[in-house]
Every structure is written in C-alpha cells, then in structure tokens.
Protein chains: 2
Amino acid sequence: MQEAVTKHKSNQNSVCPVARSLDVVGEWWSLLIIRDAMLGVKRFSEFQRRLGMAKNILTVRLKQLVAHGILRQVPASDGSAYSEYELTEKGEELWPIMTALRQWGERYMFAPGEEHSVIVDKKHRKPPIAMTVQSVDGETLGPEDIDIIMPEESRTSRKGKSTYR
Amino acid sequence: MQEAVTKHKSNQNSVCPVARSLDVVGEWWSLLIIRDAMLGVKRFSEFQRRLGMAKNILTVRLKQLVAHGILRQVPASDGSAYSEYELTEKGEELWPIMTALRQWGERYMFAPGEEHSVIVDKKHRKPPIAMTVQSVDGETLGPEDIDIIMPEESRTSRKGKSTYR
C-alpha cells in the first residue's frame, strides 16, 4: 500500500514516458493479464484459471486496466450474460513491449536446455527476430548512442543537470 | 507482502519467458532504477536523489537487482570509498524493453501537446524509429500472426488447452 501510493505520486506527472508507462503497466500482474488477452483470453473465469489469482484481486486488477483504457468490457460473443474483456488499441500496442520481455526472458531466465514456451509466426513457423532499437537510417542503437532531451532543454538549450521528476 | 509472495511462487518456475522476466523486472521501481543506470547513474546518492526513494527501500531494491544479476557493485571510478552500481550484460540487454516502454508511453500517456523527455541518437539527432516485431523475412508481426508453442506440445505434437503455469 505504501508503495502503491509512492508510485502514483511519483510517476503520474513525470515528464519521462518510461515512468508514465510504468505507472499503468509497471506491476507484474498487469502484463500477465495483457499477455493472456493477447492470446485470446476474454472471460473472467479463464483469466482466473490461468493466472491463479483470487477472484477479488483479479476483479480489482481488470477494473484498473479498464480504467486505464487498456482493456474494455464488451458483451459476450456467444450472447450469454457474461461480459468479456478485450484489448483496446492502446492495449494491443503493448505487443512490442511484451515480445521484448519474452525475448529477454528466453535469453536470461532459463538454464541451458531448460524448456520454455516459444512463439512462431504462422507463415514461417519461426520465432520473430531479436528486437532492436534502430535509428532513422536503420542502424542498431544502444543506450550509449542516445542523448536524452528534457522538455526545459528543448525550450532553452540550457545545459545542466536534469531530473526526471 | 501478500502479492510479493504470490508472485514469486507463480512465476519463478513458469515455462513462459514473459512471466519469468516479470519475476525480476515486473515491479515499477526495477525499470526506473535500470533506466537511470542506462543514463549513467552509478552512485547510491544519485539514484536516491533522482528516484526519491527512502534510503532503506532503495538499498533493498538495489540488492535485489544485484542478486538477479542485473546490476553489479564495483569500486568507485574516482578511487573514493563509495562503491558504484553498473549494469551487467543481462541488465544492458533490457534496453529494447526500456525503449519499447518509452515509445508506448510517448504515444499513449501524454495529452496532445504535453511535453515529455525525448531520446535522440547522437548521429542524426532524431528519435529511434518505432520498434516492431518482425518475422525472419522482415514482415511486421502482430499478436494475431503468432502461434504459441508450449514445451509439452513441441515434444508430443498433442493439441489441446495449454496453460502457462
């Protein structure tokens, strides 16, 4: 609770897009729910079964994702009384983040030879290529190739210590 | 505390690389610390000043990132008694995730015209291009273009309901 309060205060008005993103998808459960939604999970009961969360906790979390515009509730596709959850465009666009997390995890979070799930594209039956950060010319960029420009710097061209908060 | 326990139990042995990644970088503060480390922050006091975390909390968090092999402690570069933190290779390779989070945040977490920090590559002074998920042939892939293969399926070619846990 302490942390949730700290977080909310610190990132919501940050000028840093990373910090603001983490304000809405910066808890482990949020990206697990979104992962399952990307795989076609729609029903509360199926999220609950797959994620193994208590119903009251999952209820709160789904509500938060709806409040942030990442999921929306729609009538059930089979006409039953249940509602379903689906990703909004904002939610769907988390796909590159999801895939980058997957690729990093495949590389660093499994022992050699340890089995894990794999994604393949339907056409080639091969995993996507490793995601990279690229310049407008298509060169691969690392953190060392980047300058960060804070809003006040772009206005005044003033040099100095910047802070993110 | 309840959540931390649930999380640890549920993801540590998951066959899903997304879930395992979130086990170590799935709390908002972890990626904020890593963001600052990518920007060259090395000293405890500077992390503390930029992130505005209480010292005891930051201490625990830095220790966790060291324990996970994302940061390492090294002697201070100026020969002083302080130690410094730097990213390991495993930590540096979080860069595509960081940039994907930034690009999503730039697009969805700011009002039109609202200012935010920007990254530009040093050579072109332009932001990196939008990150995409690509097939071996360079085609852009969305979640709908992907099949997920679970370990038991790759062994037996059995069709059926898969679960991540």
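Above: the structure in question.
This text gives an overview of the structure that appears in the document. Please read these numbers as outputs of a predicted model, since none were measured by experiment.

Thresholds, definitions, all that
- Residues numbered from 1 in each chain as written.
- Chains lettered and ligands numbered in written order.
- Predicted model: local features only at pLDDT ≥ 70, side-chain atom pairs only at ≥ 80, totals over all residues.
- Heavy atoms only, no water.
- Least-squares fit on C-alpha atoms with pLDDT ≥ 70 in both.
- Contact = heavy atoms within 4.5 Å.
- Axes fitted to C-alpha atoms, helices over the stretch in contact; angles between N-to-C directions.
- Helix = DSSP H or I, 4+ residues; strand = E, 2+ residues; numbered from the N terminus.
- Parallel < 35°, antiparallel > 145°, perpendicular 65-115°, else oblique.
- Nonpolar A, V, L, I, M, F, W, Y, C, P; charged D, E, K, R; others polar.
- Core = buried A, V, L, I, M, F, W, Y, C linked by side-chain atoms within 4.5 Å.
- Buried < 20%, exposed > 50% of the residue type's maximum accessible area, 1.4 Å probe, protein only.
- Salt bridge = Lys/Arg side-chain N within 4 Å of Asp/Glu carboxyl O.

Let's talk about the relation of the copies chain A and chain B
Argument step 1. The transform that puts chain A on chain B rotates by 180° and translates by 0.0 Å along the axis, for an RMSD of 0.0 Å. What we have between these two chains is a two-fold relation. Among all residues of chain A, the one whose C-alpha sits closest to the rotation axis is A:Glu27, at a distance of 2.4 Å.
Argument step 2. Most of the interface of chain A is mirrored in chain B: 100% of its interface residues are interface residues there too.

Examining the packing of helix 2 (residues 17–25) of chain A against helix 3 (residues 28–38) of chain B
A pair of packed helices is characterised by two quantities: the angle between their axes and the separation of those axes.
Argument step 1. The contact between helix 2 of chain A and helix 3 of chain B brings their axes to 9 Å, and the two run at 170°. The angle between helix 2 of chain A and helix 3 of chain B falls in the class roughly antiparallel. The residues of helix 3 of chain B that touch helix 2 of chain A, namely those facing A:Val18, A:Ala19 and A:Leu22, are B:Trp28, B:Leu31, B:Leu32 and B:Arg35.
Argument step 2. When grouped by side-chain class, the residues that make up the contact of helix 2 of chain A with helix 3 of chain B number 6 nonpolar, no polar and 1 charged.

Brief notes about the nonpolar core
Argument step 1. Among the nonpolar cores identified, the biggest contains 80 residues, and A:Ile33, A:Ile34, B:Ile33 and B:Ile34 are the most heavily contacted of them.
Argument step 2. Excluding residues within four positions of it along the chain, B:Ile34 makes contact with B:Val25, B:Leu65, B:Ile70, B:Leu87, B:Gly91, B:Leu94 and B:Met98.

Focus: the pattern of salt bridges
Residue and element names in this part refer to chain A.
Argument step 1. Within the structure shown, the criterion is met by 24 salt bridges over all chains.
Argument step 2. Between Glu86 and Arg72 there is a salt bridge whose closest N-O contact spans 3.0 Å. You can see Glu86 sitting in strand 2 (residues 83–87) and its partner Arg72 sitting in strand 1 (residues 71–75), a full 14 residues away along the chain.
Argument step 3. Using a relative accessible area of 27% as the deciding quantity, one classes Glu86 as partly exposed.

From the geometry alone we can't say anything about function, so treat these as descriptive.
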